[in-house]
Structures are given as structure tokens and as C-alpha cells.
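Structural description and commentary
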Number of protein chains: 4
Amino acid sequence: MASIMGNTIKLSIFGESHGECVGSTLFLQAPGIKIDYDFIKNQMLKRKSNGILTTPRIEDDEVEIISGVFNGYTNGNPITLIVKNKNTHSSDYEKDILRPSSADYTQKVKQMGFEDYRGSGFASARLTAALVGAGGIILPILKEKGIEIESRIISIHGKTGSDMVEEVKKAKEEEDSVGGIIETTIKGLEPGIGEPYFDSLESDIAKAIFSIPAVKGIEFGLGFGFASKKGSEVNDPFEINEGKVRTLSNNSGGIQGGISNGENIVFRTVFKPTPSIGKTQKTVNLEENKNIDYNLHGRHDPCVLLRAGVIIDSLAGFVILDELCTRYGYLYMKGSK
Amino acid sequence: MASIMGNTIKLSIFGESHGECVGSTLFLQAPGIKIDYDFIKNQMLKRKSNGILTTPRIEDDEVEIISGVFNGYTNGNPITLIVKNKNTHSSDYEKDILRPSSADYTQKVKQMGFEDYRGSGFASARLTAALVGAGGIILPILKEKGIEIESRIISIHGKTGSDMVEEVKKAKEEEDSVGGIIETTIKGLEPGIGEPYFDSLESDIAKAIFSIPAVKGIEFGLGFGFASKKGSEVNDPFEINEGKVRTLSNNSGGIQGGISNGENIVFRTVFKPTPSIGKTQKTVNLEENKNIDYNLHGRHDPCVLLRAGVIIDSLAGFVILDELCTRYGYLYMKGSK
Amino acid sequence: MASIMGNTIKLSIFGESHGECVGSTLFLQAPGIKIDYDFIKNQMLKRKSNGILTTPRIEDDEVEIISGVFNGYTNGNPITLIVKNKNTHSSDYEKDILRPSSADYTQKVKQMGFEDYRGSGFASARLTAALVGAGGIILPILKEKGIEIESRIISIHGKTGSDMVEEVKKAKEEEDSVGGIIETTIKGLEPGIGEPYFDSLESDIAKAIFSIPAVKGIEFGLGFGFASKKGSEVNDPFEINEGKVRTLSNNSGGIQGGISNGENIVFRTVFKPTPSIGKTQKTVNLEENKNIDYNLHGRHDPCVLLRAGVIIDSLAGFVILDELCTRYGYLYMKGSK
Amino acid sequence: MASIMGNTIKLSIFGESHGECVGSTLFLQAPGIKIDYDFIKNQMLKRKSNGILTTPRIEDDEVEIISGVFNGYTNGNPITLIVKNKNTHSSDYEKDILRPSSADYTQKVKQMGFEDYRGSGFASARLTAALVGAGGIILPILKEKGIEIESRIISIHGKTGSDMVEEVKKAKEEEDSVGGIIETTIKGLEPGIGEPYFDSLESDIAKAIFSIPAVKGIEFGLGFGFASKKGSEVNDPFEINEGKVRTLSNNSGGIQGGISNGENIVFRTVFKPTPSIGKTQKTVNLEENKNIDYNLHGRHDPCVLLRAGVIIDSLAGFVILDELCTRYGYLYMKGSK
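Residues numbered from 1 in each chain as written. Chains lettered and ligands numbered in written order. Predicted model: local features only at pLDDT ≥ 70, side-chain atom pairs only at ≥ 80, totals over all residues. Heavy atoms only, no water.

**Re the overall build of chain A**
A count of helices and strands for chain A gives seven helices and 18 strands. Radius of gyration (C-alpha) of chain A: 21 Å, near the 20 Å computed for a compact globule of 337 residues. The principal-axis extents of the C-alpha atoms in chain A amount to approximately 70 × 55 × 35 Å. Looking at chain A as a whole, 67% of its 337 residues qualify as buried. Sequence-distant contacts, at least 24 apart, represent 71% of the contacts inside chain A between residues at least 6 apart. As displayed, chain A has an accessible area near 10,700 Å², and 46% of this comes from carbon and sulfur atoms. (Helix = DSSP H or I, 4+ residues; strand = E, 2+ residues; numbered from the N terminus. Rg over C-alpha atoms; globule rule 2.2 N^0.38 Å. Buried < 20%, exposed > 50% of the residue type's maximum accessible area, 1.4 Å probe, protein only. Contact = heavy atoms within 4.5 Å. Areas by Shrake-Rupley, 256 points an atom, 1.4 Å probe, with all protein chains shown as cover.)

**A few points about the sheet that holds strand β5 (residues 63–65) of chain A**
All names here are of chain A. Ordered in space as β1-β2-β3-β8-β5, the five strands form an open sheet in which the pairing is antiparallel. Each edge of the sheet is formed by a strand with only one pairing partner; in this case those strands are β1 (4–5) and β5. As judged from the six bridges shared by strand β2 (residues 10–15) and strand β3 (residues 21–27), these two strands associate in the antiparallel manner. Each bridged residue has a counterpart across the sheet, and for I13 the counterpart in β3 is S24. Seen against the sheet, helix α3 (residues 128–144) touches β2, β3, β5 and β8 (79–84) and runs at an angle of roughly 35° to β3. (Pairing = 2+ DSSP bridges. Axes fitted to C-alpha atoms, helices over the stretch in contact; angles between N-to-C directions.)

**Regarding the side chain of Q256 of chain A**
Structurally, Q256 of chain A is set in strand β14 (residues 255–256). Look at Q256 of chain A and you get buried, because its relative accessible area is 0%. Not counting the four nearest positions on each side in its chain, Q256 of chain A is found in contact with D236, F238, T247 and N261 of chain A together with S101, S102, A103 and T106 of chain B.

**Re the state of the cysteines**
Going through the model one piece at a time under the given rule, you end up with zero disulfides over all chains. The cysteine C325 of chain B is free of any disulfide, with C325 of chain C supplying the nearest cysteine sulfur at 13 Å. For C325 of chain B, a relative accessible area of 0% translates into the label buried. (Disulfide = S-S within 2.5 Å.)

**Remarks on the sheet that holds strand β8 (residues 79–84) of chain B**
All names here are of chain B. Reading across the sheet, the five strands line up as β1-β2-β3-β8-β5 and stay open at both edges, with antiparallel pairing between neighbours. Looking at which strands have only one partner, the edges of the open sheet turn out to be β1 (4–5) and β5 (63–65). Where helix α7 (residues 305–328) meets the sheet, it contacts β1, β2 (10–15) and β3 (21–27), and its direction lies at approximately 145° from that of β2.

**Brief notes about the relation of the copies chain A and chain B**
The operation relating chain A to chain B is a screw motion whose rotation component is 180°, with 0.0 Å of axial translation and a residual RMSD of 0.0 Å. Expressed as a symmetry operation, the mapping of one chain copy onto the other fits a two-fold axis. Looking at the interface residues of chain A, 100% of them are also at the interface in chain B, so both copies use one shared face. (Least-squares fit on C-alpha atoms with pLDDT ≥ 70 in both.)

**Thoughts on the packing of helix α1 (residues 37–47) of chain D against helix α7 (residues 305–328) of chain D**
All names here are of chain D. Between α1 and α7, the shortest axis-to-axis distance is 7 Å and the interhelical angle comes to 145°. Contacts between α1 and α7 involve Q43, K46 and R47 from the first element and L306, R307, V310 and I311 from the second. Its residues assigned to classes, the contact of α1 with α7 comprises three nonpolar, one polar and three charged. (Nonpolar A, V, L, I, M, F, W, Y, C, P; charged D, E, K, R; others polar.)

**Remarks on the pattern of salt bridges**
It is possible for side chains bearing opposite charge to pair when their charged atoms get close. Taken as a whole, this structure holds 84 salt bridges over all chains when the rule is applied. One salt bridge in this structure joins D104 of chain A and R99 of chain A, with 2.7 Å as the shortest N-O distance. Owing to a relative accessible area of 5%, R99 of chain A belongs among the buried residues under this scheme. Of the charged contacts, one joins E167 of chain D and K159 of chain D as a salt bridge, the two residues approaching to 3.1 Å between their closest N and O atoms. For K159 of chain D, a relative accessible area of 32% translates into the label partly exposed. Where salt bridges share partners, they join R152, E183, E219 and R268 of chain A into one cluster. (Salt bridge = Lys/Arg side-chain N within 4 Å of Asp/Glu carboxyl O.)

**Topic: the packing of aromatic side chains**
Using the criterion set out here, one finds 34 aromatic pairs over all chains in the structure. Arranged with centres 5.6 Å apart and planes meeting at 40°, the rings of F220 of chain A and F267 of chain A form a pair that is tilted. One end of the pair, F220 of chain A, is in strand β11 (residues 215–220); the other, F267 of chain A, is in strand β16 (residues 265–271), and 47 residues separate them in sequence. Across the pair, F267 of chain A and F220 of chain A agree in class, each one buried. Between Y197 of chain C and F198 of chain C, the ring centres sit 5.9 Å apart and the planes meet at 75°, which makes this aromatic pair edge-to-face. Across the pair, F198 of chain C and Y197 of chain C agree in class, each one buried. Chaining the aromatic ring pairs together yields one cluster made of F122 of chain A together with Y197 and F198 of chain B. Residue placement shows K145 of chain C over the ring face of Y332 of chain C; its charged tip is 4.2 Å from the ring centre. (Phe/Tyr/Trp six-rings, centres within 6.5 Å; stacked < 30°, edge-to-face > 60°. Lys NZ or Arg CZ within 6 Å of the ring centre and 35° of its normal.)

**Quick notes on the interface of chain A and chain B**
Taken together, the contacts link 107 residues of chain A with 107 residues of chain B. At the boundary of chain A with chain B, total buried surface from both sides reaches about 8,400 Å², with 62% on carbon and sulfur atoms. If you look at where chain A meets chain B, you find eight salt bridges. One salt bridge in this structure joins E174 of chain B and K230 of chain A, with 3.2 Å as the shortest N-O distance. If one sorts the elements of the side of chain A that touches chain B by residue count, β11 of chain A sits on top with six residues. Here β11 of chain A pairs with strand β11 (residues 215–220) of chain B via three bridges, running antiparallel. Along β11 of chain B, the bridge assignment pairs I218 of chain A with I218 of chain B. (Buried area = accessible area lost by both parts, 1.4 Å probe.)

**Observations concerning the relation of the copies chain C and chain D**
When chain C is fitted to chain D, the best match, at an RMSD of 0.0 Å, comes from turning it 180° and sliding it 0.0 Å along the axis. A share of 100% of interface residues in chain C that are also interface residues in chain D marks the association as one of identical surfaces.

**Focus on the interface of chain C and chain D**
Size of an interface: often given as the accessible area lost when the parts come together. Between chain C and chain D, the residue contacts involve 107 residues of the former and 107 residues of the latter. Buried area between chain C and chain D, summed over both chains or domains, comes out near 8,500 Å², and the portion from carbon and sulfur atoms is 62%. Scanning the region where chain C abuts chain D turns up 54 residue pairs in polar contact (both at pLDDT 80 or more). If one sorts the elements of the side of chain C that touches chain D by residue count, strand β11 (residues 215–220) of chain C sits on top with six residues. Residue composition of the side of chain C that touches chain D, grouped by class: 49 nonpolar, 36 polar and 22 charged. (Polar contact = N/O pair within 3.5 Å; in protein donor to acceptor, adjacent residues only side chain to side chain.)

Keep in mind these numbers describe shape, not what the thing actually does.
If you want it as C-alpha cells, here you go:
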């Protein structure tokens, strides 16, 4: 609860889409980690809208680190970073009209009418800017250890390859949106990381990834493909290869019994189409207490996947680093590989 | 980490498949909850093997509550329950032969050769007996509040309906195993439960469910089906119905922005085929440091799904109760609806 | 670990004494709590130096709430507040000279030379400004429930009453410092709050209070006075008084078995004399690796107690609110008494 | 909350004084730690009553480890241990008569009449048997690292030395009880362990120690003695001694800024006289709703200090190990010094 994640290291999040800023605090504890500001900037660019295939809300997303870094290195204290909100059109939002399949209704009930309704408030994907900022600190630590995380879009609206761009363009023209799937690979993670209960690698990665708005499913390795298979077809046989225990296939997605086996961790995340679309939809005007036909006039992504890979990388990176630090301590981050 | 789950209430797990017992501690805090021993017994029966379609290891799984209950009611102290292991054939397990796709290798690396290798030790599905026992206390509390959880198998080895039984029989004859999908529905949960970050309902349910051995994917509502859809097709329109805000469809699976919307929570879990099969497989004998062909002679389920629904119910129930208690306090459990 | 405190609600802290700001995040979750900005300002004034009996570093400590508040009310999201550092004289601090009994040495070892050494960095009492800011939100919530917390200095340098002011003046003239004791009373807390293990009211209050720099001891009720007493002298007899169970004395300080008994919670906190004094002291110059005689030229309090009461109130308030929310849920905050 | 303590490693507690057993679970995670059963047995003897100066309830306190240990070594899974209750005289306890200064009333309110009222139930010092059992696993791990913890009684009923025994005898004869002070020293802890906020060494030790029944105060180093001192008198000067930074005095009790400085950690704990005494006391009979004079006939310690040192050692050991594991990981436990 309480918008904090992690075990040995922690990550918290705060801010609202149309408030003063979004931000996060990274409780790494480890001193002596060099901050690569260019890398952070570059990560933010990956998440930033280019305004063409993505939302016309283009933020100049500068990450400001306001604590925990001294002379370019972490000092071991909590690292709070903020990203200011500048380009907000709050008048685009109508307090009492519920956008279908958005968090408008659920947030209103939960927060009892006190919610910041502008642009989904705390439930907005805008908040993920603060997570990507945190990822900009985490991912280089992992890279130093030989661990790399890569996400790529594998399908949009059921199409693959270059067709995917066409699907997004079409959705944009139609003022509609489309869903799709991102595949993520974590390379270089040693075997033995994770636990059967309740912090299985799958558990902790899933928990983190389901925090990303619009995610509705996750599968590891063969995933839902296992449902129509026999054990004899999909078990991953072991062999000794250059003195190491390896598997001949990787249907397990690198995880067995909740613990890494030294192969690539592979998982796929499905995103629903952005709920905010321009097309006419049936919904409710709460103030007038009546059913209405509604046309949304805001600035929205026709397809969130284009900006989501870097968010997945950031959160998966946090989970992996946390599990490693539980085993080796937070000073692990500082040690040579 | 550390095999503890939950926020306001907690659940821990302990024990090994071939050790003295498996157990769990439920830190409910609430006094005055009547324990329904018959219900617990019945839940255990749902998980128990009948020895026909499931493993020949038939345990007389009696739950012993050794703390936290006084005169038939919870007193508010931690509730520890144990299920003794009786029918163990530890000689079936060979320490240095890695069963493909099991936790044998990963647990050995993690635990550095000190693992209890007998029957997967801590990573065994045997441990879930202790979770079902805890569920036997949790689920009646939810039922009192009008919340019911039901899981049903919707496909096995790609087949549905009565064909599923045939698939399991065939797998058993072939000394093979088969995967499948279970669908779970949570009815009666009020809107407003869950959070966008990081304890979204999807996050916490997924974290819990991925603790169940053999689970490799989870999806909510339309799930992976969203990948080929447009927003205009799958958004759930709102309407006012008898004074309540309802949705006309439930592609969201009852969750929007990580928060319940008052509709049924619906999710599907995929189980891989049990890794332990009798068929010859390639693997490694670590002691002799060589690749071998291996025939496993143990007692195993050809299909874990037959016993898994009650485990999902138990863990999902824990998550729902935890989220409700964060909002309303642990005394919520005791109050009238 | 990780500079986060609390169970159902949480409080985190960040910032450095001579960095950009100090700050905290209050994870209350409850929507609809009115923010009383005047009260917060007033609390900050209680902690602020007046420059006469306290440090000449006078900060215009304005609390900026950058998230979690919308239209003057909490919305239920994390509340981050910052207090900017303005009047910093960083040149007063020498990196390699260890001020005796300060955190200079321990922080340097822990943070391996990457510490922000200016003005004790993260270990500075400056950080408590952010805690008092958080207290400014918490204490009015408790007051609405009839719970009030008051701290008063009961002795300084072994003296009581108006002699205490003289002791501070004398210490200031001598460029020395003095210790003392603060007594805190929590009125209006209902019985039944707290737990025997491990979140006894004493445990959680003590944990919070020992976070305040210079605190070296805490005692509840008769405290160390119990050491020379018999049970028959100090047991608190019960009686029924106007239909309520009350005690005839309050040697227990309102807590029995770790749980509140409905009487006033009473505890005393001892503060050591501020370690930073102007008098010549023996210490170490690490750069030159030699023992030196050292005269500190900085701006320091001769007696921290003058500003500490409001910090105790804030942290004790957080603990009480957290325990109440665990029992009654975070919505308790919003409900009428 | 929820009777769980710790950050990287965890400790939970369960059971009731007159229930089936008391127990604890130690979530160490580290494999390969040899269990020294003789040491555990010896620790239990230190806590056990000899029936002469202590309670006539003499339990044959055998620790049974029911999970987490395989072939004499930890396997890394949760370690649950239980101590069965055998010698219980439950008829000694009257449900509706509140023993003054005990947890009878507060537990009854908290648990709303569902409490196990027999012998203080969960609030009984009987529960500490399970903590001492856990300490029996923890303390040898620290000893391997050169860290030793020793507690000794320094005063009873205001007397020191051999007079203390007389005071206990006299109290026993008078069917009364006496309080006192225990001093604890932790030797061999490296500098740099602990944090300013909120897991200061003082915070975490205090939180743990206040879980012990009858503890009403704790002080570190000079403690309450600081209240009448000047900084120039009590600051601990640094010097370089054989290449190490050391202090010339240890008024700080080995902790500065919440972090260890490499000197001995020294703290004192005050215990109130046992509330249960034979002398006539005023109290309340709740059933009859009237004030009464009451003579307790049970079996009680005239002075809890005789058995309390080993409990302090166990809990302090847990805290120290937890802080070390956060910095170095749980595998630290297994490594050579």
C-alpha cells in the first residue's frame, strides 16, 4: 500500500498529472554510485511524446534530483527526483463526465470526490515519467554488473513488423486507439535470484509491471502457450555446456520455482488500447445524473506502447536490483562486478 | 522477501515437502472471527489428491491451528497452522539429478547445496496446503461481506468441457503432463478498492498468484485479447442503472486504474504442464558432472489444475481482504456488513 | 531501513542540511483531510530558531506541499512537502575534521567518503523541519478525534523552572552546550491501541523518537524510577469510575502490555548537549592523519531542547495515527469522531 | 504491526501462555548456517525458572525446529520453532478480575472479550521463550563475526552487587516484586552500521527491547545522565590509535547520528516490578461491575530481571544482524569473517 515498492531498496511515487510535478524517491542506500545525467535525459526522451504518433502533450521532461546526490555521486540518502508539469490543459477535463475504461470513476469513488480529476490525477501515465527518471539511475548500475534489459513492441492491433506503424496512424486518424504486446528480455542475470514464496521473480516483476497504466496481462516464457502443451514438449532439458548448467530451450523464460536459472528472463506484457479516444462513446454525467453520448476533446496517445518500453525496463530493473541487494546487500551496487 | 505477503494483514509460509510439516501464519489481528473447521476441512479436500486423476501421494491433510484461536474464535493474535507431512517417499528423489523445468537446479544454486532437495523442498506445491488452510479462515470472512470467489478450469491441453478429463487421463497413461487455464471470478467487491501505484488490484493479485508453482501467466478481463482490439471496440461504457454507475460490458475485468469498479473481478491464470513426468528426458547428473537420459519414478500430478482452483481462491481472498482492511482497518472483518 | 517509517500509513524523509532542500512524504491515503496552512506555519515557527537562545542560522522555513493536496484537501495520494535550504554557510564545515560526538565520523564510514559532509548532511537536525511539516498535517487530524499531544521541557542542565533559561544563556556565553529532558503527554487516546509484540506503543514511540538527533534515552510513566520500587508501591490499581475502568495512579504512563489503557500516555526524552561547541576539543584531522586541538566556528544551538518539543509531538502524532489507522483503516481519519 | 519485526531479515512471534505452544519464525534466508542445538538449549536454560528466586512454573522448555533446517544446517527457508506449553495451571486465572498494571484490561479492550485471558495470553512473558530460541540461532552467527552481546543486572530495587539477591528473596517472602536495571554491551560491531532516519541503531534496538514485558525505559551511553551535563564534559574526543579512529571516552554508547562508531554499544534497560503480586490490591471485577480487594494466587516471578538478560541479548542480536544484512546481504551470515 501507500505507493511504495521494494524490499531491501524501495521506490515511492508521488505527484499528479496536472499538479505541480510528478516525482519519485529511490531509497537505494548505497553511496558512491555515479549519476549519468545524459543517460537519464536519454531515457526520458524515449518516454517523451514526439507529438506525431503519440500525444500532442509534449513535455520538456527535465529530471531534477533534489536530494541524495552530492558531487555527482549518490551519498546513500534517499534520492528524490521531480519532473515539473508545464504543458497542462486542465480545462480539457470535465469533472463529472466519466471517460469509459479510464480511472475516472474508480478514483472518484476511492477518493470520495476529493480526487484531482484533471487528466486522471495520480492514475495518469504522466506519473511514469518519475519512474523512468528512477530507472535512469538503476539501469546503469545493472549494466555495470553485466545485466541488460531490453523491451520491444512485438505486435500492435494484431499486426507485427512495419504494419504496426500503419495501425497506429490509422487509429490516430480515426480518433481511436489500439492495443498491443511488448516483449522484454533481461540478459546476464545470474542463477539463484528470486524465491518460491511470495517474492518469486515472476511475482515481483508482475507486481511492478501491473502498476503501469493500461497493462492487463503478463506472461513468462511460453506463457499462455503452455495451456495447450504437454510436459514432454515444453520442459527445458538441462545440459552441461562449457562447465555450466544450461537449458536446451527456454520455455521457462529463465525462471524455475520463482528463481532465475541463468538463462534470459523473457516476459510479454499486453496493453489495452488507450481508453481516451475521440470517438463518440456512451457514458455518464454524474452532476446531471444521466446517461450521455460523449466526445472527448483532449490530447491522447493512440497507442501507449510506443512510449512504454522504457517504463517496463525501469520497473523490471528496480525489481532485479532489489532482489540482488537482498542477497548481496545494498553495497553490492558499489562493488566491482 | 522473506516469504511474507500483505500490507495491513500478513501471511507467511514455512515448511518443506518432505520435512515435518508445512505451515503458515496468518496475521489478521482481528478478534472475534469464528473459525469454521468444517469449511477448512472441505477446502483441504478440494486441494487433496483423489489418486485417480491426480498424484498417488494422498495426504490426510489435517489442519492444526496451534495459536491465535481461543474457544473457537480468533483472539487477534497471529494464527499459525500446520499440516503434517505423513506419506513421504523421500527415496524417490535423487539429490544430484536435476528434473527439467523443476526448481531443482535454481533452488540448489540459491541455497548453495544446503537445499532440502526431497520433493522440491520449499518450492513444492505441497506448501500450498498451508495456503489453502489459511484460505479456509479468510474466505468465510469475505463471504459474510457478500464477496465470493470462484475458480473454474476453462481449458486443459487446449481442450474445453468434458474433453478436458480425457486429456488428463491420456497424459497420465503416457506418463506425461498437460497445461491449462483457470478462470477466477470475484463477485461482490465494492468499487474503490486498490491503488494506481504500486498496489493496484492487478499487481497484488498477480504477485500472489505467481507464488503458486507452475503459474506462468495471468490476464485480467479481456487480457491478451486487448492486443488486437481498438479502444472503441473494448472500452466499457458507463451507464446509470438503478441509481448505480455500472458498465455495459466488462472487458476491464472489474478493474480500472488499478482500482475495483464494482463489476466482477475476472482473471485467468495459465499453468504449465507439471515438470515431473515419467517420460525419458535429457538432463544432468551433477555428481558425475555429465549429461544423462533420465526416467523419473515419483508420484506426480499429470495436471495441476485439478487441485489449483482452491489455491487461487485462497490467495486472491487474502489480497482482497488485505486491501479492504487497509481502507477500513482490521476491525472491518468483525463488523456486520 | 531506507528512511521510511510506519505500518498502515508511512512517512519518509529526504534531503541534506546544505543541499537544495529537506523534505518528507506522508503516505496517508485518506482523502478529504483539510490542510490547515496556518497551523503548519505555526508549528514551523515553534521549531525555528529565534537566533537568541538558539542557532544564529535562521531559516525562513516555508513548507511547500508539491503533491497530494487538491483544492486545500488531501486527495489520498502521497503528500510530498519540501522546505528549501536558503541560509547555508557551507564553508563553515571542514571535510576532514571530525567534530566529537557528532555524526561526522560514523556517516563518513557508512557512506564511504561520499557523504554530504556539510553541516552533518542527512544526519542534521535540519531534516526535522520536514518532520514538523508532516506533523502539521497529522496533529490536527488527531485533535479532531480528541487526541492532543503536548511536550514541555522539565529540566536543562539539571535545573528546572526559570533557572533553565539561565543555564542556556550561560552555555551560550561559554560557547558550550547543555542537555536536558522533555516530558510529553498524549491525552485522549482510547484504550486498546498498540500490541504486545513488536509494535507495542512504547516500541513504536521509542523508535520514532530515537530518530531525533541528540536523543539518548526514553522512559514511560515512572520509567527508570521503577528500578528502586516494589510492585505493591507502583502497580496502578483499577477502579470503576463513572462506568469506566480507570486507574487510581498512572505509573504505567498509560500503557500496559504495550497497549494503551485510556489514561494519559506520558514519556520523557533525554537530549544530550549539542555536540557542536566552540570550546577547544581534541579530535582528528583525517586528511593529515593526525590528532589535533580543534575550535569549531559554526552556528549552533547551545541547547536543542528549545526547538525539540514540536518534533517529538510530530513524530509521536504520526505513531498514534498509524496505530489507529491499522485498527480502523485510513478512512478513520476522515470520519467524525 | 502484525507481530513481525525486521527489515532484510524478519522475526515473527505467535502462541499464547496457556495455549498449545509459543513459537517464532525466523526469516533469515541464508543457507548453510550450522544449528548449535546445545547452545540453544543452554540459552533456554538461562531463561528458565529455577523455581527458587523465580516463578514456580518450571517448564522443560525444549525448542522444536519444525522447518527451515535440513541435516543440521539452515536451508534458507523460514525457520519456525515452537516451545510447547506443558505446566499450565489455567484455573489460576479469573477472567473478569483485572490484575493491576498487567495487560489484563488493555488486552481485553483491544481483543473485545475474545482474548485468551489465561496467564496474560499473548502478552505473557512466556512468549519470550520463542524469542530466546530464535536468539539461539542468531547469536552464534554474530559470534562467528566477532560480535558478542552480554547483559548483566546492575541494580535491583535500588541495590547493587550481592545485595540484589537479598532484595529478591525479601520480595518473594513478602509476596511482592521488585524492579531493576540491566546493562547490555555489544562488542565487536564495526563502525558504519545504522541510519539517522528512521532505523537508527538506537531506534531499532529500542523498538525490539520495548517488546519485552515490563520494560519501561532504555538509555544509551550516558543516557539520562546527559541531562545535567555540558557538551564540553561529555563529548567523546576522537584520536587516531594504531591507525584507527577511536574515541577517548564512550559517553555516546558507541552510537553517533544513529550509526555505530566502532566502540562498544552500551545501553541500559529498566524493568518495572512484576505486576503480579500476592499482596492485596484494589481492582475491578468486571463481571460484577464492582471495585474489589483482590489477592492473586498464581505462580509469579518476584523479579523478572533474573531471566531477562538472555531475552535482551536475543533481540539485540536480531537487530544487529538485520542491520548488517541490509548492508551486506543475507549471504553475509554465511561468509567467513
